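# Observations on the three-dimensional arrangement
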Amino acid sequence: MKQHYDVVVAGGGSGGIAAAVGASRTGARTLLVERGPCLGGAATLRNVVTYCGLYTRDTATQVVFGVAEKLLVELRRMGAVSEPTRFTAVAVVFDPESVKRAADEICARAGVAVLLHSHVLGATRQEDRITSIRLADHSGIRQIKATAFVDATGEADLAQHGGCEVRYGNDGWVQNGTLGVRVGGIPADAEITRKSVTSAVHAAKQAGAKGLTAETGLVARMPISGDLITYLADEGYDPRDAAETSRAEAGARQQAQAYLRAIRTLPGCDNAYIVSTGPELGTRESRHVVGRYQLTEREILKPEPVQDAIAIGAWPMEYHPGPGIPPQWQFIGRPGYYAIPLGVLRSRDTPNLFAAGRTVDGDRGAGASLRAMGTALATGHAAGIAAALIARDGDTSTPPVRGELLRQEAWLPTR
């Protein structure tokens, strides 16, 4: 086990996987650190089985490629991902067990060193840079040095421990979380739709059922198993606080049982059962790394020319203001995607730290789009390459990051 790397990526979700692969393919000795037993993040540990943000809403055109496409190719080979499917916007539904294997494969092929079961509990800062992180595993505490870092933890834990500028939520608001609940025992010919589930939940509430918050949310059939995935059990909590999160996890599992009883009232579904919950709540927002630039709602609703883009976002602004309150949707203007500049990912006060996924810097509206896993694959890919160039050259700017992204088969429109 090396004790010094060019790039360390903290967090093995969509953003972290893309960052580690991008950095390693740029030539950096790269370590990917994940606290859980597998890679995939929300896709494998939280039952969030839809990649949102890869396709435009109006034309279902794929706009995020690079590492994202490598992941999709693996999933298609396994028969483990759907065709683009229209919900409120366009997403693909996948089998989470297959994502675990696909992530292992693409990281191994890229030469990424992976440490699972390793929790980031501290970081060392010298002047304006992070120089090392401290990890805890079952053998104790170890220190890993690196030249550049990517924070893809979701909670911006690395940035927080490293004394970087962070903020919690936006303007005093933080989106609520939802527990993904996977339901089996649904006949293949049963017509289960968002509308039918909403009607069943509404009827259960009218009949006096307790423990139901949202009446509507995304529901979809999963590939391979045909199980139903539902996002209905809402909770409001502070994901930085273990006591708060523990309360919310228990509450959401109680809700899951109430929703199951409602689903069993649908025709043919009386033998439905819960295959799995979570196992973690799907947190939508926590800390953000304060960047050199903050993406705004206006830039998503009315996209500007994208010559300086290092990533593309295509998921609408989907803001969840509180438990049981319907999400607030606002849609991207033409051409259906928007540019994400490098400054959104780069820490304002720590030049060798980049953010990926939902830790990046967007205002309240922009953050409601940037957080999607498909977009996290895009921001992660760019963050990893930028970190690798910092490690190699001492600094970087937009043109070399764009050049390397294009070499690694990302798609960045020129006009």
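Scope of this entry: the structure provided in the associated data block.

Scoring rules and cut-offs
- Residues numbered from 1 in each chain as written.
- Predicted model: local features only at pLDDT ≥ 70, side-chain atom pairs only at ≥ 80, totals over all residues.
- Heavy atoms only, no water.
- Helix = DSSP H or I, 4+ residues; strand = E, 2+ residues; numbered from the N terminus.
- Rg over C-alpha atoms; globule rule 2.2 N^0.38 Å.
- Buried < 20%, exposed > 50% of the residue type's maximum accessible area, 1.4 Å probe, protein only.
- Contact = heavy atoms within 4.5 Å.
- Areas by Shrake-Rupley, 256 points an atom, 1.4 Å probe, with all protein chains shown as cover.
- Lys, Arg positive; Asp, Glu negative; His and termini not counted.
- Charge placed at Lys NZ, Arg CZ, Asp CG, Glu CD.
- Salt bridge = Lys/Arg side-chain N within 4 Å of Asp/Glu carboxyl O.
- Axes fitted to C-alpha atoms, helices over the stretch in contact; angles between N-to-C directions.
- Parallel < 35°, antiparallel > 145°, perpendicular 65-115°, else oblique.
- Left-handed = near helix turned anticlockwise from the far one by under 90°.
- Pairing = 2+ DSSP bridges.
- Phe/Tyr/Trp six-rings, centres within 6.5 Å; stacked < 30°, edge-to-face > 60°.
- Lys NZ or Arg CZ within 6 Å of the ring centre and 35° of its normal.
- Nonpolar A, V, L, I, M, F, W, Y, C, P; charged D, E, K, R; others polar.

## Describing the overall build of the chain
Scanning the chain from terminus to terminus reveals eleven helices and 20 strands. A compact globule built from 415 residues would reach a C-alpha radius of gyration of about 22 Å, and the chain, at 20 Å, matches this within 12%. By its C-alpha atoms, the chain is 65 × 50 × 45 Å across when sized along the principal axes. Looking at the chain residue by residue over its 415 residues, the buried ones come to 60%. The long-range fraction of contacts in the chain, counting pairs at least 24 apart against all pairs at least 6 apart in sequence, stands at 72%. Carbon and sulfur atoms make up 50% of the accessible area of the chain, which totals about 16,000 Å². Of the charged side chains in the chain, 45 are positive and 43 negative, and the gap between their average positions amounts to 1 Å.

## A few points about the pattern of salt bridges
The tally for this structure, following the rule as stated, stands at 28 salt bridges. With a closest N to O distance of 4.0 Å, Asp128 and Arg129 form a salt bridge. Overall, the relative accessible area of 34% leaves Asp128 in the partly exposed class. You can call Arg129 partly exposed: its relative accessible area is 30%. The closest approach of N and O atoms between Arg348 and Glu165, which form a salt bridge, is 2.5 Å. With Arg348 in the loop between β19 (338–340) and β20 (353–355) and Glu165 in the loop between α5 (157–161) and β10 (166–168), the pair connects residues that are 183 residues apart, well separated along the chain. We classify Glu165 as partly exposed; its relative accessible area is 30%.

## Examining the packing of helix α1 (residues 14–25) against helix α4 (residues 96–110)
Axis separation between α1 and α4 bottoms out at 9 Å; the angle between their running directions is 20 degrees. One way to sum up the angle between α1 and α4 is to call them roughly parallel. Here α1 and α4 pass one another in a crossing that is left-handed. Judged by residue contacts, Ile17, Val21, Ser24 and Arg25 of α1 engage Ala103, Ile106, Cys107 and Ala110 from α4.

## A word on the pairing of strand β9 (residues 140–151)
Relative to β9, strand β1 (residues 4–10) runs parallel, the two being bridged by six bridges. Looking at the pairing, Ala10 lines up with Asp151 of β9. In terms of strand pairing, strand β8 (residues 129–137) meets β9 through six bridges, oriented antiparallel. From the neighbouring strand, Ala136 faces β9, where its bridge partner is Ile141. Between β8 and β9, which follow one another and run antiparallel, lie two residues. Summarising the sheet, β9 and β20 pair through three bridges and their orientation is parallel.

## Examining the packing of aromatic side chains
For the coordinates displayed, the defined rule picks out four aromatic pairs. Through pairs of rings, three or more aromatic residues link up here, namely Trp315, Trp329 and Phe331. The aromatic ring of Tyr168 is capped on one face by Arg240, whose charged end is 3.5 Å from the ring centroid.

## Considerations on the packing of helix α3 (residues 67–77) against α4
At a minimum axis distance of 9 Å, the contact between α3 and α4 shows a crossing angle of 125 degrees. On the basis of the axis angle, α3 is oblique to α4. As α3 runs across α4, the sense of the crossing is right-handed. In this structure, α3 uses Val67, Lys70, Leu71, Glu74 and Leu75 to contact α4, whose residues at the interface are Ser98, Val99, Ala102, Ala103, Glu105, Ile106 and Arg109. Tallied by class, the residues present in the contact of α3 with α4 amount to seven nonpolar, one polar and four charged.

## Concerning the sheet that holds strand β3 (residues 50–52)
Backbone-to-backbone hydrogen bonds join strands into a sheet, with any given pair of strands oriented parallel or antiparallel. One open sheet accounts for three strands, arranged β3-β5-β4; its pairing is antiparallel. The outermost strands of the open sheet, each flanked by one partner alone, are β3 and β4 (85–86). Relative to strand β5 (residues 90–93), β4 runs antiparallel, the two sharing two bridges. What sits directly across from Arg86, in β5, is Val90.

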